[in-house]
Amino acid sequence: MPAHGATDQFRRGAAAQHQDESGNQIGHVSELPAVSGAQTPAWPTRARVTLSGAAALPAAAADWLRVVWGVVDVPAELKELSATLASIEAVSNLDALRREAADLETQASAPDLWDDLENAQKITSRLSFVQGEIRRVEELRRRLDDTQTLWGLAEEMDDADSRSEVEAELPALHKAIGELEVRTLLSGEYDSREALMTIRAEAGGVDAADFAEMLLRMYARWAERHGYAVDALDTSYAEEAGIKSATIQIHAPYAYGTLSVEQGTHRLVRISPFDNQGRRQTSFVGVEVLPVVAQSDHVEIPDDDIRVDVYRSSGKGGQGVNTTDSAVRITHLPTGIVVTCQNERSQIQNRASAMAVLQAKLLERRREEERSAMDALKDASNSWGNQMRSYVLHPYQMVKDLRTDFEVGNPQGVLDGEIDGFIEAGIRWRKGQEVASA
């Protein structure tokens, strides 16, 4: 905090308005409590700076306000948000998206569209996504322009209520534009794909199995909050509580690019509810995230390379699920990869789902081999997929990302699906790692 003597002159001049040497008003500061002598003021949580025209407070005064009072320079923030949104618009290439939307609309209006069901679903799904992307950027631009206009009117009319309305809108604009900016960082080859997520209990016994089920619920709630559909492809229940493993598919554009930063080992520290002596237990769960394979990837799997076993489904099930040999286990003989699916009644459906998961795993294996070759050439390593987050419920409560240092003190909220902050920090961290290693 600056010494009182260094700021007394500014405080006296900032009570109601700030003037230049000619006496012209260039701005005013409100909600600043009076300070006398060496008293410590009751610092407000937020003060307001209003600037008129192109003038600004003296640099030293503005810096003092920003550091000591948490002052918001509204015109400067609106200008910065507008510049950020402009860069997002440029990266998004709205003109190209509009041309693609027009072309897709033409295809979607064809009378014979639904003669080819798979192609029709592909066209309509892509059209919905492109229209959503255009609408998201355009609505955010309109919202920001309206806010800037309202601020100009508030300044012109000296309307305190309108100023307060703009100030209240600023955090929401920051959040919306920040989320959109993160989306522009997802530029990897498979980032736009839907995601396959496998959650697997590791060290920790029954606590690890329980933790795996907690994480499964966390990701399901996160998807629910965003309106994304989730399909459970396979679930293996543990004997006492929780799950041994589960594989789910998240149906959303950029689900893979978004959730891939969740890949790695998650650690839970808590008083075990399964320990009759009430001891603290540490357990670990591994999370694997893969992109859903598209037809264009052409992952060829010869019939001679796989062994298919069928068996009776286990678990909670339902009518018909546990009474027929509908579950499917596919073993890829060259690699030893094993995938299972037992959630559908039909053996054919379970086999198709299992093959899709196997293709995704083989695609990821190919990508890992390519990445390993590049790492060998660059003499670099990629460690972000290892232990990456700690969930501490005892002796204190905190969830912390070990890569980004992003942390929150509300584990229950995180386990209830409030993980957007971790995901955004992870995406920004990963982009920084990629730039640093380029």
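Everything here concerns the structure above.
Sequence order sets the numbering: in each chain, residues are counted from 1 along the sequence as written. For this predicted model, a pLDDT threshold of at least 70 governs which residues receive local features, and a threshold of 80 or more governs which side-chain atom pairs are given and counted, while totals over whole chains, interfaces and linings are taken from all residues. Each side-chain value is derived from all of the structure's non-hydrogen atoms; neither hydrogens nor water enter the calculation.

Undergrad: Help me understand the sheet that holds strand β15 (residues 407-408) in this model?
TA: The strands that make up a sheet are held in pairs by hydrogen bonds between backbone atoms, and each pair lies either parallel or antiparallel. Read across the sheet, eight strands follow the order β6-β7-β5-β9-β8-β13-β14-β15 without closing on themselves; strand pairing throughout is mixed. On the outer flanks of this sheet lie β6 (229-237) and β15, each paired with one strand and no other. Bridge analysis of β6 against strand β7 (residues 243-251) gives eight bridges, and the strand direction is antiparallel. Along β7, the bridge assignment pairs S236 with S245. Whether two residues are in contact is decided by their heavy atoms, any of which lying within 4.5 Å being enough. Orientation is described by axes fitted as lines to C-alpha atoms, over the contacting stretch for helices, and by angles from 0 to 180 degrees between their N-to-C directions. Only DSSP runs of H or I covering at least 4 residues are called helices, and only runs of E covering at least 2 are called strands; the numbering of each starts at the N terminus. Sheet strands in contact with helix α7 (residues 205-226) are β5 (195-201), β6, β7, β8 (264-271), β9 (280-291) and β13 (387-392), and its direction is about 45° off that of β9. Docked against the sheet, helix α11 (residues 420-437) engages β13, β14 (398-401) and β15, running at close to 20° with respect to β14. If DSSP finds at least two bridges between two strands, the strands pair.

Undergrad: Where do I start with unusual backbone geometry in this structure?
TA: Going from H394 to P395, the amide bond is cis rather than trans, its omega being 10°. By secondary structure assignment, the location of P395 is in the loop between β13 and β14. A positive phi is found at D158, a non-glycine position, where the angle reads about 55°. Phi is positive for Y254, close to 65°, though the residue is something other than glycine. Note on placement: Y254 falls in the loop between β7 and α8 (255-259). The exposure class of Y254 is buried, given its relative accessible area of 18%. Classification of residues uses two cut-offs on accessible area relative to the type maximum, computed with a 1.4 Å probe and protein chains only: under 20% is buried, over 50% is exposed, and between them is partly exposed.

Undergrad: Quick question: what am I supposed to make of the sheet that holds strand β12 (residues 337-341) here?
TA: Ordered by their spatial adjacency, three strands build an open sheet running β10-β11-β12, and the pairing between neighbours is antiparallel. In this open sheet, the two strands that pair with only one neighbour each are β10 (306-311) and β12. In this sheet, adjacent strand axes meet at a mean angle of 15° when their direction is disregarded. Note: strand β11 (residues 327-332) against β12, five bridges, orientation antiparallel. Bridge pairing in β12 links R329 to T340.

Undergrad: Help me out: how do you make sense of the pattern of salt bridges in this one?
TA: Two side chains carrying opposite charge are able to pair once their charged atoms lie near each other. What counts as a salt bridge is simple: a side-chain nitrogen of Lys or Arg found within 4 Å of a carboxyl oxygen of Asp or Glu. For the structure shown, the criterion picks out 29 salt bridges. The partner of R141 in a salt bridge is E89, with the nearest N and O atoms 3.1 Å apart. Of this pair, R141 sits in helix α5 (residues 117-157) while E89 sits in helix α3 (residues 74-92), and the two are 52 residues apart along the sequence. Residue R141 is classed as buried on the basis of its relative accessible area, which comes to 17%. Notably, a salt bridge pairs D158 with R163, separated by 2.6 Å at the nearest N-O pair. Salt bridges linked by common partners bring R217, R221, E224, R225, D416 and E418 together as one network.

Undergrad: Looking at this model, I keep getting lost on the pairing of β8. Mind explaining?
TA: Side-chain positions along a regular strand alternate between the two faces of the sheet. Burial analysis of β8 places six of its eight residues in the buried class, the great majority of the element. Judged from the eight bridges that link them, β8 and β9 form a sheet pairing that is antiparallel. Residue pairing across strands places T265 opposite G286, the latter belonging to β9. Bridge count for β8 against β13 is five bridges, and the pairing is parallel. Note that in β13 the partner of L268 across the bridge is Y391.

Undergrad: Could you clarify how one ought to interpret the side chain of Q342 in this entry?
TA: Along the chain, Q342 turns up in the loop between β12 and α9 (347-378). Side-chain polar atoms of Q342 contact the backbone oxygen of T235, separated by 3.1 Å. Definition of a polar contact: a pair of N or O atoms within 3.5 Å, with one able to donate and the other able to accept a hydrogen when the atoms are protein atoms, and with sequence-neighbouring residues admitted only if both atoms are side-chain atoms.

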